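What follows is the residue order along each chain.
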Amino acid sequence: GAVVSQHPSWVICKSGTSVKIECRSLDFQATTMFWYRQFPKQSLMLMATSNEGSKATYEQGVEKDKFLINHASLTLSTLTVTSAHPEDSSFYICSARYSGRHSGANVLTFGAGSRLTVL
Amino acid sequence: GESVGLHLPTLSVQEGDNSIINCAYSNSASDYFIWYKQESGKGPQFIIDIRSNMDKRQGQRVTVLLNKTVKHLSLQIAATQPGDSAVYFCAENGDTGNQFYFGTGTSLTVIP
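Just so it is clear, the model here is predicted, and its values are computed rather than measured.

Undergrad: Just to check I follow, could you spell out the pattern of salt bridges for this structure?
TA: Pairing between side chains becomes possible if they bear opposite charge and their charged atoms approach one another. Residues and elements named next belong to chain A. Counting across every chain of the model gives 6 salt bridges over all chains. The salt bridge involving Lys66 is made with Asp88; its shortest N-O contact spans 2.7 Å. Pair noted here: Lys66 is in the loop between strand 6 (57–58) and strand 7 (67–73) and Asp88 is in the loop between strand 8 (76–81) and strand 9 (90–99), with a separation of 22 residues, a long-range link. The exposure classification of Lys66 matches that of Asp88, with both residues buried.

Undergrad: Would you take a moment to explain the interface of chain A and chain B for this structure?
TA: The extent of an interface is frequently quoted as the accessible surface area lost upon association of the parts. Facing the 23 residues of chain A at the interface are 22 residues of chain B. Where chain A touches chain B, the interface holds 0 salt bridges. Here chain A is connected to chain B by 7 residue pairs in polar contact (both at pLDDT 80 or more). Every element with two or more residues in the side of chain A that touches chain B is listed here: strand 4 (32–38), strand 5 (44–51), strand 9 and strand 10 (106–110) of chain A.

Undergrad: Mind showing me how you'd approach the nonpolar core here?
TA: Side chains of nonpolar character tend, in soluble globular proteins, to be buried together. Formed by 26 residues in total, the largest nonpolar core has its most connected members in Trp35, Tyr58, Phe67, Ile69, Tyr92 and Leu116 of chain A. Contributing elements (two or more residues each) for this core: strand 2 (10–13), strand 3 (19–25), strand 4, strand 5, strand 7, strand 8, strand 9 and strand 11 (114–118) of chain A. Aside from chain neighbours lying at most four places away, what touches Leu116 of chain A is Val11, Cys13, Val19, Val81, Asp88, Ser89, Ser90 and Tyr92 of chain A. Counting 20 residues, the second largest nonpolar core, distinct from the first, contains Cys23, Ile77, Cys90 and Val110 of chain B.

Undergrad: Explain the state of the cysteines to me, please; I cannot follow it from the model alone.
TA: All names here are of chain A. Under the counting rule described, the total for this entry stands at 2 disulfides over all chains. In this model, Cys23 is linked to Cys94 through a disulfide, with the two sulfur atoms separated by 1.9 Å. As the torsion about the S-S bond is roughly 80°, the Cys23-Cys94 disulfide counts as right-handed. With Cys23 in strand 3 and Cys94 in strand 9, this residue pair connects regions lying 71 residues apart in the sequence. No difference in accessibility class separates Cys23 from Cys94, as the two residues are buried.

Undergrad: Can you walk me through the pairing of strand 8 of chain A in this structure?
TA: Successive residues of a regular strand alternate their side chains across the two faces of the sheet. Residue and element names in this part refer to chain A. For strand 8, the buried fraction is high: 6 of the 6 residues fall into the buried class. Neither face of strand 8 is open: one carries Leu76, Thr78 and Thr80, the other Ser77, Leu79 and Val81, and all of them are buried. Summarising the sheet, strand 7 and strand 8 pair through 5 bridges and their orientation is antiparallel. Among the inter-strand pairings, Ser73 is bridged to a residue of strand 8, identified as Leu76.

Undergrad: It is not clear to me how the packing of aromatic side chains should be interpreted in this structure. Could you clarify?
TA: The geometry of an aromatic ring pair is captured by the separation of the ring centres together with the interplanar angle, meaning the angle of the planes. A full pass over the atoms with the stated rule returns 10 aromatic pairs over all chains. Here the aromatic rings of Phe110 of chain A and Phe102 of chain B are separated by 5.7 Å at their centres, their planes lie at 80°, and the arrangement is edge-to-face. With Phe110 of chain A in strand 10 and Phe102 of chain B in strand 10 (residues 101–102), the pair connects residues from two separate chains. A ring pair is formed by Tyr36 of chain B and Phe102 of chain B, whose centres lie 5.6 Å apart and whose planes are at 35°; its orientation type is tilted.

Undergrad: Teacher, can you tell me more about the pairing of strand 4 (residues 32–38) of chain B here?
TA: All names here are of chain B. Among the 7 residues of strand 4, 7 are classified as buried, and the element is accordingly described as predominantly covered. The side-chain alternation of strand 4 yields two buried faces, one formed by Tyr32, Ile34, Tyr36 and Gln38 and the other by Phe33, Trp35 and Lys37. The pairing of strand 4 with strand 5 (residues 45–51) spans 6 bridges and is classified as antiparallel. Of the residues in strand 5, the one forming a bridge with Tyr32 is Arg51. Taken together, strand 4 and the strand that follows it, strand 5, pair antiparallel across an intervening segment of 6 residues, in which Gly41 is found at a positive phi of about 75°. Looking at chain direction, strand 4 and strand 9 (residues 86–92) are connected through 6 bridges and run antiparallel. Note that in strand 9 the partner of Lys37 across the bridge is Tyr88.

Undergrad: Quick question: what am I supposed to make of the side chain of Thr80 of chain B here?
TA: Residues and elements named next belong to chain B. The topology assignment puts Thr80 in the loop between strand 8 (72–77) and strand 9. Only 2.7 Å separates the side chain of Thr80 from the backbone oxygen of Asp17, close enough to count as a polar contact. Discounting residues that sit within four places of it in the chain, Thr80 has contacts with Val13, Glu15, Gly16, Asp17, Asn18, Ser19, Arg61, Leu108 and Val110.

Rules of the game
- Residues numbered from 1 in each chain as written.
- Chains lettered and ligands numbered in written order.
- Predicted model: local features only at pLDDT ≥ 70, side-chain atom pairs only at ≥ 80, totals over all residues.
- Heavy atoms only, no water.
- Salt bridge = Lys/Arg side-chain N within 4 Å of Asp/Glu carboxyl O.
- Helix = DSSP H or I, 4+ residues; strand = E, 2+ residues; numbered from the N terminus.
- Buried < 20%, exposed > 50% of the residue type's maximum accessible area, 1.4 Å probe, protein only.
- Contact = heavy atoms within 4.5 Å.
- Polar contact = N/O pair within 3.5 Å; in protein donor to acceptor, adjacent residues only side chain to side chain.
- Core = buried A, V, L, I, M, F, W, Y, C linked by side-chain atoms within 4.5 Å.
- Disulfide = S-S within 2.5 Å.
- Pairing = 2+ DSSP bridges.
- Phe/Tyr/Trp six-rings, centres within 6.5 Å; stacked < 30°, edge-to-face > 60°.

Printed below as a string of structure tokens:
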């Protein structure tokens, strides 16, 4: 159980276009999902908390208009990178909180990530 | 966000030896910590977690130690195998307990 799926796994786009990345919880419902960004050989930086049925909560320094997050259902959150530029090229990873077997706590389960390359 | 750092960015160990990966966290309000393993091009995978009311927790070949006094975590991997080669991150849940913030990561290389 507790599988999170991301799509696409890799996308290449032209500068100025918008790209949507989907994050799905396949076998559980997730009222909260999280979007992270990771540059090569660096750590995961939390971008925003995606809340089902309400606005996302963004971390300080993350542009809300640049990174649009929608959490329309309990199993789907989307991240849209608007007007993408080469500096937006990165590995974007989503996660969902799963209340499962691990010490009774809500463990984050991660998707496999989506690599965005902006030309 | 929170500041979670690691003492050793890279670590090389011989196959069969034990590995110790360290992590320092900055937020004393964090009460839940997780170690994740990330292989190249993949998302992080859960290894083991620990709550702040514990100072040690053991899993299969892994042990996490928590020292709240000095805000330090460690991950011990017994009998390290080539498949353990990856980047390891610790994460803390911060002020609200609702988000997880990651440390800088340690790249573990197991030498056959």
